[in-house]
Amino acid sequence: MAGTPNTSSSQVLQKLLNQKENGNVKPEMLHKINNEVERKMEQFDLQKKERIAKAVQDLSMLVINA
Amino acid sequence: MNFEIIDIKDLSTHLGGMLESAFEFDSAELADSIKKLDTFIQKFRPDLVVGVESFYIDKLYRDAYYHYYSSKLKEYKRNCIRVSFFSTAISLSDFYSVQGAQKLQEHFMGFIIIRPTSPNIIGRNVLRPDIFVKNTIYHTSFARFGAAVNGIKLEVEGFPHSSQDAEFMVCAETTIWSLMEYFSNRYAEYKPVLPKTIHNVLSQLSMQRQVPSAGLTGLQISYALKEFGFGVKLYTANSYPGVELYRMIQMYVESGIPTIVAITNQNGIGHVMNIVGRTDLKIGGTFQYTPIEVFSNGSELYDYYEQPANYLVVDDNMAPYGVIPLSDPACNYTNPIWQNCTIAAAIVPLYFRIYMEADRARNVAIQLLKSHDQRAHLPSLVLRVLLSSSRTFKHTVSLNEELDLVVKTLIINIKMPKFVWIAEVGPPDLMADEKATGLILMDATEPKKPAILAYLLENSYIGPANGSSGQYSIPLSPFSIHKNLKPF
């Protein structure tokens, strides 16, 4: 059976968004947030490199035989 | 082949006779073996009915038999005994009718293979977690396993387990076998492996003979898993001190990824086991969290995983689903040599295209919340981070009755990779009831950039909608948190 016209998910979504009175859409918000978070991750990335090296060294000496 | 139905209270006596006749155990072997069996089943429900099949051919034992036991002077039998468990009274006639077969399936609780390797006779087994007497809910990873019991094909949900035979397989091999058995029964990407295959894969890395097994190093376990198709990640207590290692384990286990943990102590113990789930976290809304961040208006951010919980381990020296606190992983051992064991390392078998790790996902979520708080103040929130396949996540969202249709449509329409990191947030009282009020979705295939796909916070949706990205006002009611573990 063929679907009824105008039932694509994009159309449904647009209709629903219109119903929610979305007058305050800020188009670049996600991009800005991603950039802000990226800047704050520098310290984490430096620490991570040290952690990876330590973990490999630790595991090579760990004998599992119990 | 013979099939007999008995009550569980008669199992030891009945099996004792079979071990003598079928396996030709002497009295000392018999006593040691029955003691192991009694210990293994001591926490089983007392109302179980048992089906016992002799002359069972077990693939796991046969691998050990042909590659090791058959070469010894002492004679070992080739066949095993299979013991199947049912939660109601059954009769032989149930095995010969459609209605009977349905009843058997409804009450099938799993099976244990009894192998002729005294005293370590508990072989391959898959048991439902609720076969045990317990006073809390077990949330576990599980796969479905088939067993043709007396001619009837049955299925059981559980995590595969075997005790070590202490010769061909010690904890390192059984833990890898158990993990591969789980993944291969759950996902088409993986194949089951037998112990000889594990030895073959590691032969080029081994500087001495592999049989009898003297164990493996942590790196050898990691190497074997990598060769079997995983993108393995390693975490140690040295590189993730204090509770940081626990948090990593907790996030992966909550995601439904069984995690191998290596435990050690000053007495020279080096052991591995799979953590496959946890007990119920429900402790009410009164838990006093320690803040992990303070927002600009003084409200605080807490970690969901700080709540006290015990974890479920599949350990080849014990029955499956042993309950342990992460701070005392050998608490179920009575021998003093196991005292004061701690988790030294975690080996996480990730799908090979998951590039973002748990600590990065958690940190990205925290930084996002801090950035958002600069724009609109956030209340005190509990943060729960876990990984999910986007298929499972979208399926759960679609069927979540507490989510508004527009939220569902927005989330379902987001382009997602095979796996996503999910950070759920909610006030402490709501999170105690397993309800969240916010959600951050992150691309698990992005190792370097934050890669936030979209987020929902404080009645705002920030993310893609119909091809363009933006911020939309969306009413958001508290909704049930996403679960990858099954409650039993």
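Remember, predicted model here, so these are calculated numbers, not experimental data.

Engineer: So what exactly am I meant to see when it comes to the nonpolar core here?
Structural biologist: Phe44, Phe85 and Ile114 of chain B are the most contacted members of the largest nonpolar core, which has 190 residues in total. Among the domains, domain 1 (1-163) and domain 2 (358-487) of chain B are the pair contributing at least three residues each to this core.

Engineer: I tried to follow the interface of chain A and chain B on my own but got confused; where do I start?
Structural biologist: Size of an interface: often given as the accessible area lost when the parts come together. Contact residues are listed per partner, giving 38 residues for chain A and 66 residues for chain B. Our count for the contact surface shared by chain A and chain B stands at five salt bridges. For Arg360 of chain B, the salt bridge identified is with Asp45 of chain A, shortest N-O distance 2.5 Å. There are 24 residue pairs in polar contact (both at pLDDT 80 or more) connecting chain A and chain B. Secondary structure elements with two or more residues in the side of chain A that touches chain B: helix H1 (9-19), helix H2 (29-40), helix H3 (42-60) and strand E1 (63-64) of chain A. A per-element tally of the side of chain A that touches chain B places H3 of chain A first, with 11 residues. Tallied by class, the residues present in the side of chain A that touches chain B amount to 19 nonpolar, eight polar and 11 charged. Across two bridges, the pairing between E1 of chain A and strand E9 (residues 216-217) of chain B is antiparallel. Considered in E9 of chain B, the bridge of Ile64 of chain A is made with Leu216 of chain B.

Engineer: Before we go on, may I ask you to explain helix H3 (residues 59-67) of chain B in this structure?
Structural biologist: An α-helix turns once every 3.6 residues. As a result, residues three or four positions apart point the same way. Of the residues making up H3 of chain B, those classed as buried are Leu60, Tyr61, Arg62, Asp63, Ala64 and Tyr65 of chain B. Buried residues along H3 of chain B sit against strand E3 (80-86), strand E5 (122-127), helix H5 (171-186) and helix H6 (195-202) of chain B.

Engineer: Honestly, the domain arrangement of chain B in this entry has me stumped. Any pointers?
Structural biologist: By the assigned domains, chain B splits into domain 1 (1-163) and domain 2 (358-487). Taking only C-alpha atoms into account, the centre of domain 1 of chain B sits 44 Å from that of domain 2 of chain B.

Quick notes on the rules
By convention here, each chain's residues receive numbers from 1 onward along its written sequence. A letter from A marks each chain and a number from 1 marks each ligand, given out in the order of writing. Confidence filtering applies because this is a predicted model: local features only for residues at pLDDT of at least 70, side-chain atom pairs given and counted only at 80 or more, and all residues used for totals across whole chains, interfaces and linings. Hydrogen atoms and water are omitted, and side-chain values are computed over all heavy atoms in the structure. Nonpolar cores were defined as sets of buried Ala, Val, Leu, Ile, Met, Phe, Trp, Tyr and Cys residues, with membership established by side-chain atoms within 4.5 Å. When accessible area is computed with a 1.4 Å probe and restricted to protein chains, residues below 20% of their type maximum are described as buried, those above 50% as exposed, and intermediate ones as partly exposed. Domain ranges listed in this record stem from an automatic or a database domain assignment. By the convention used here, residues are in contact when the closest approach between their heavy atoms is within 4.5 Å. Any carboxyl oxygen of Asp or Glu that lies within 4 Å of a side-chain nitrogen of Lys or Arg is treated as forming a salt bridge with it. Think of a polar contact as two N or O atoms within 3.5 Å of one another; within protein, one of them needs to be a possible hydrogen donor and the other a possible acceptor, and neighboring residues in sequence only count if both atoms come from side chains. Elements are defined by DSSP. Helices are runs of H or I of four residues or more, strands are runs of E of two residues or more, and each kind is numbered from the N terminus. In this classification, Asp, Glu, Lys and Arg are treated as charged, Ala, Val, Leu, Ile, Met, Phe, Trp, Tyr, Cys and Pro as nonpolar, and every other residue, Gly included, as polar. In this analysis, strands are considered paired if DSSP registers two or more bridges between them.

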